[in-house]
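Chain residues, written in single-letter form:
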Amino acid sequence: MKIYKLLIPAVIFVMIQTTAFTETKKNCDTIKADTGVKIYEKWKCKTGDSKDGLGKKIKKFFKKKN
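Cut-offs and rules
Residues numbered from 1 in each chain as written. Predicted model: local features only at pLDDT ≥ 70, side-chain atom pairs only at ≥ 80, totals over all residues. Heavy atoms only, no water. Phe/Tyr/Trp six-rings, centres within 6.5 Å; stacked < 30°, edge-to-face > 60°. Helix = DSSP H or I, 4+ residues; strand = E, 2+ residues; numbered from the N terminus. Buried < 20%, exposed > 50% of the residue type's maximum accessible area, 1.4 Å probe, protein only.

Talk me through the packing of aromatic side chains; I want residue IDs and the actual numbers.
Two aromatic rings, taken as a pair, are described by how far apart their centres are and by the angle between their planes. According to the stated counting rule, one finds 2 aromatic pairs in the structure shown. Centre to centre, the rings of Tyr-40 and Trp-43 are 6.1 Å apart; their planes meet at 35°, and the pair counts as tilted. Of this pair, Tyr-40 and Trp-43 both sit in helix H2 (residues 36–47), 3 residues apart, which is roughly one turn of the helix. Trp-43 sits in the exposed class, given a relative accessible area of 52%.

Residues and numbers for the environment of Gly-55, please.
Along the chain, the position of Gly-55 falls in helix H3 (residues 54–62). Each C-alpha atom of the pair Gly-55 and Val-37 lies 8.4 Å from the other, and the pair is 18 residues apart in sequence.

In structure tokens form, the structure reads like this:
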């Protein structure tokens, strides 16, 4: 009986911890590629590059400098 009392919480703990390490990846197939920017975002999603988006780069380029 003592083994069962230790085994049940141990199994539950292991099951909870394994879900914490699962990798979640964005589904790139749901992105519609109807514009140029969306095509670029879909390409970046497929390559796994998650740096600044194209919109942020354009805003930085046209930002007024003091």
